[in-house]
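Descriptive structure summary
Here is what each chain is made of, one letter per residue.
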Amino acid sequence: MLRAHPDLLLFAPMSVKPLRQRAAWAALENHYRQIKDQHLRDLFSADPKRGEKLTAEALGIYLDYSKNRVTGETIKLLCQLAEESGLRERTAAMFRGDKINVTEKRAVLHTALRAPRSASIIVDGHNVVPDVHEVLDRMAAFCQRLDKRIKNIVNIGIGGSDLGPVMAYEALRHYSNRNLTFRFVSNVDGTDFVEATQDLKPAETLFIVASKTFTTQETMTNALTARQWIGSLPVHEHFVALSTNEAEVKKFGIDPANMFGFWDWVGGRYSMDSAIGLSTMIAIGPDNFRAMLAGFRAMDEHFRTAPFDQNLPVLLALLGIWYTNFFGAETQAVLPYDQYLKRFPAYLQQLTMESNGKSVTAGGARVDYETGAIYWGEPGTNGQHSFYQLIHQGTKLIPCDFIGFKHTLNPVGQHHDLLMSNFFAQTEALAFGQSAAEPYRVFDGNRPSTTMLCDRLTPAMLGQLVALYEHCVFAQGIIWDLDSFDQWGVELGKVLAKRITPELQSKTEPELKHDSSTNTLIRRYRQR
Ligand code: G6Q
């Protein structure tokens, strides 16, 4: 018996059927049977203009999806699936501030973080846009008055309070203030803190404690260690907090004047453009940070308004659905051909896998179809000398997103042409392969890839790329009927770890009530 979550009924368009009962799903199943054995070589020779047609372009991003195992008909049917899944209405509901995170009863409004000052977005009767800009203005003022003695910024946070800031710092390093050193501490492993601070002087260091809840074990442990590390220096000169929890921030000893807030409608993995981005703003300056927000906003508008078959996030989402649900692909590689994007795949892992790694629907029913793919990747060309072997000649189908730039930020000799030659060559090799006398030299080809050829890696472009994937995740979550904004799957491990800590630390032999494996492991650890 499937039980609909009562809150969902308020929000779900009543006409949406379970995924496998939607008309477009059945049509796609039929269509898949016709297309599954067709080779990209044949699709390209049947239509000499394929490589110009199966493309979309917006905001300086040219998306070529012609090297995917699709035809115009596939895209038409997938767009129909998006329509039947209520994607338009659900998108409007998200932007409007409806409580679409049903299990946590929260609005999902990361789009409000980049709304223009003139916008009005009402949550529980209150316009949140002025609050957003008040915090941004305070962050900008803080950047400008940063104590000249401060030479090092150490962000302490984990998950959504770490991956976005680290990724953005690396991605926008070209624009960063090179007089400051930035470090990021996330792991509760003491090594992370020790290595991040071993060459820093406390008097020159500012700790940014980034934690929505301000109760996260890893972050609070690292923050307490940092407080000890500064010795007798005043906490208010060396700590700021990014949080929604003022009471805990005060308890820690951080002055509320040094706290930058955000709200429960900002999910951790959707928070890099909120106060959680303070380290990014200090690095690149308020103007560049605002340019990044403008990039996010431009992609929001594109997602909200462009027709599905021209809509970059929707197209990416639909291709993902096609491979996951019809071709049975388990993973999705993201391959940025730009060294600055080296942490982008790691960032996307949380964004995609924490959002859509679910096996019950938002209404609480167990799904009878595959959901979120495993995302992974490394910057090109490094991956080519490592795992590309398996993508080219292995037994698995791995759809790949290739992200490259027309202009490099570091024009050095012929480096960029060499990099981009590899970028173009890889998708060509994957799609078309090569025949050969020796079996080990045969490349079957027909391995799908999507190419995003972007103008230049600016702060605005980074905002656009992040928003592109945010909305891709959202669109997939809607089609799969998931709550993409909760993360209950991370809870059990946390609870069990809390139970085990006193067992490791107890002076006397504790009574262990776990399974025989866990009991033995704990006993062995205690005997060290
Ligand atoms: C992200 C998750 C999670 C969260 C961390 C840190 O969407 O909610 O990764 O960001 O657990 O939480 P705090 O910011 O509360 O410390």
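Conventions and cut-offs
- Residues numbered from 1 in each chain as written.
- Predicted model: local features only at pLDDT ≥ 70, side-chain atom pairs only at ≥ 80, totals over all residues.
- Heavy atoms only, no water.
- Patch = residues over 30% accessible without salt bridge, like charges linked within 9 Å, V, L, I, M, F, W, Y side chains within 5 Å.
- Areas by Shrake-Rupley, 256 points an atom, 1.4 Å probe, with all protein chains shown as cover.
- Salt bridge = Lys/Arg side-chain N within 4 Å of Asp/Glu carboxyl O.
- Buried < 20%, exposed > 50% of the residue type's maximum accessible area, 1.4 Å probe, protein only.
- Near = heavy atom within 4 Å.
- Polar contact = N/O pair within 3.5 Å; in protein donor to acceptor, adjacent residues only side chain to side chain.
- 1 Å grid on protein atoms, 1.4 Å probe; cavity = no way out; pocket = protein on both sides within 12 Å on 5 of 7 lines; lining within 4 Å.
- Sits in = over half its atoms within 2 Å of the grid points.
- Nonpolar A, V, L, I, M, F, W, Y, C, P; charged D, E, K, R; others polar.
- Pairing = 2+ DSSP bridges.
- Helix = DSSP H or I, 4+ residues; strand = E, 2+ residues; numbered from the N terminus.
- Axes fitted to C-alpha atoms, helices over the stretch in contact; angles between N-to-C directions.
- Contact = heavy atoms within 4.5 Å.
- Core = buried A, V, L, I, M, F, W, Y, C linked by side-chain atoms within 4.5 Å.
- Arc of directions from axis to C-beta.
- Phe/Tyr/Trp six-rings, centres within 6.5 Å; stacked < 30°, edge-to-face > 60°.
- Parallel < 35°, antiparallel > 145°, perpendicular 65-115°, else oblique.
- Left-handed = near helix turned anticlockwise from the far one by under 90°.
- pLDDT = per-residue confidence, 0-100.

Side chains of Leu492, Val495 and Leu496 sit close together on the surface and give an oily, nonpolar patch of about 270 Å² of accessible area. The partly exposed category is assigned to Leu496, whose relative accessible area is 37%.

Time to look at the site of the ligand. Taken together, 13 residues surround the ligand, and among them Ser161, Ser211, Thr213, Thr216 and Gln350 come closest. Ser211 is positioned such that a nitrogen or oxygen atom in its side chain is 2.6 Å from an oxygen atom of the ligand. Contacts to the ligand include Glu354, whose side-chain N or O atom sits 3.4 Å from an oxygen atom. Compared with its free state, where it exposes 410 Å², the ligand has 86% of that area covered by protein. Its atoms largely coinciding with the cavity grid, the ligand occupies the largest pocket. Tallied by class, the residues present in the shell around the ligand amount to one nonpolar, nine polar and three charged.

Let's shift gears to the sheet that holds strand β9 (residues 259-261). Backbone hydrogen bonds hold the strands of a sheet together, and the pairing may be parallel or antiparallel. Strands sit in the order β6-β5-β7-β8-β9 across an open sheet of five strands; the sheet is parallel. The strands lining the two open edges of the sheet, one partner per strand, are β6 (181-185) and β9. On average, each strand axis in the sheet is inclined to that of its neighbour by 15°, with strand direction left out of account. Here strand β8 (residues 239-243) runs beside β9; their pairing, made up of three bridges, is parallel. In the sheet register, Ser243 faces β9, and the bridge partner there is Gly261. Relative to the sheet, helix α10 (residues 217-229) contacts β5 (152-156), β6, β7 (205-210) and β8, its axis offset from that of β7 by approximately 160°.

Spatially, the six strands line up as an open sheet ordered β1-β2-β13-β12-β10-β11, and their pairing is mixed. Of all the strands in the sheet, just β1 (55-58) and β11 (374-376) have a single pairing partner and so form its edges. When the angles between neighbouring strand axes are averaged without regard to direction, this sheet yields 15°. In this sheet, β11 lies alongside strand β10 (residues 331-336) in parallel orientation, the contact comprising three bridges. Note on β11: the bridge partner recorded for Thr331 is Ile374. Its contacts with the sheet place helix α18 (residues 415-432) against β12 (400-405) and β13 (449-454), and it is angled at close to 155° to β12.

Turning to the nonpolar core, a few remarks are in order. Ranked by internal contacts, the top residues of the largest apolar core, which has 126 residues, are Trp265, Phe344 and Leu462. When residues in this core are grouped by element, the largest group, 14 residues, is from helix α19 (residues 459-480). The residues touching Phe344, leaving out its near neighbours within four places in the chain, are Met167, Val334, Ile403, Leu465, Val466 and Tyr469. Counting 19 residues, the second largest nonpolar core, distinct from the first, contains Val209, Met220, Ala223 and Val249.

Those residues of helix α9 (residues 190-197) that fall on the buried side of the exposure criterion are Phe193, Ala196 and Thr197. Seen along its axis, α9 keeps its buried residues to an arc of 85°; they face one direction. Summarising the contacts, the buried residues of α9 are in contact with β6, β7 and α10.

Counting across every chain of the model gives 30 aromatic pairs. On the numbers, 5.6 Å between centres and 55° between planes, the contact of Phe239 with Phe252 is tilted. Taken together, the positions of Phe239 in strand β8 and Phe252 in helix α12 (residues 246-252) put the pair 13 residues apart, joining distant regions of the chain. Judged by relative accessible area, Phe239 falls into the buried class, the value being 0%. With a relative accessible area of 7%, Phe252 lands in the buried category. Aromatic side chains Phe402 and Phe423 sit 6.1 Å apart centroid to centroid with 75° between the ring planes, which places their arrangement in the edge-to-face category. Linking Phe402 in strand β12 with Phe423 in helix α18, this pair joins segments that are 21 residues apart in sequence.

Viewed as axis vectors pointing N to C, helix α6 (residues 87-96) and α19 meet at an angle of 125°, and their least axial separation amounts to 10 Å. Between α6 and α19, the angle is such that the two are oblique. At the point where α6 passes α19, the crossing takes the right-handed sense. Within the contact between the two elements, α6 uses Leu87, Arg90, Thr91, Met94 and Phe95 and α19 uses His471, Phe474, Ala475 and Ile478.

This prediction gives the chain a mean pLDDT of 96; 97% of its residues lie at or above 70. Of all helices and strands in the chain, the one with the weakest mean pLDDT is helix α1 (residues 6-11) (48), whereas strand β2 (residues 61-64) scores best (99). Confidence over residues 1-10 falls short of pLDDT 50; this stretch has 15 contacts with residues more than four positions distant or in other chains.

Moving on, we get to the pattern of salt bridges. Under the definition given, this model contains 28 salt bridges. Linking Lys36 and Asp37 is a salt bridge whose minimum nitrogen-to-oxygen distance equals 3.5 Å. Its relative accessible area of 31% is what places Lys36 among the partly exposed residues. Under the relative-accessibility criterion, Asp37 is labelled exposed at 66%. The shortest N-O distance in the salt bridge between Glu246 and Lys250 comes to 3.7 Å. In this pair, Glu246 and Lys250 are both assigned in helix α12, four residues apart and thus about one turn of the helix distant. On the basis of relative accessible area, Glu246 is assigned to the partly exposed category, the value being 40%. For Lys250, a relative accessible area of 48% gives the class partly exposed. Through salt bridges that share partners, Arg114, Asp273, Asp300 and Glu470 make up one connected network.

This brings us to the side chain of His238. Within the secondary structure, His238 sits in helix α11 (residues 235-238). At 3.4 Å, the side chain of His238 and the backbone oxygen of Pro202 are in polar contact.

Moving on to unusual backbone geometry. The omega torsion across Gly380 and Thr381 is 5°, close enough to zero to call that bond cis. At Asp124, a position not held by glycine, the phi torsion is positive, near 45°. Along the chain, Asp124 turns up in the loop between β3 (122-123) and β4 (126-127).

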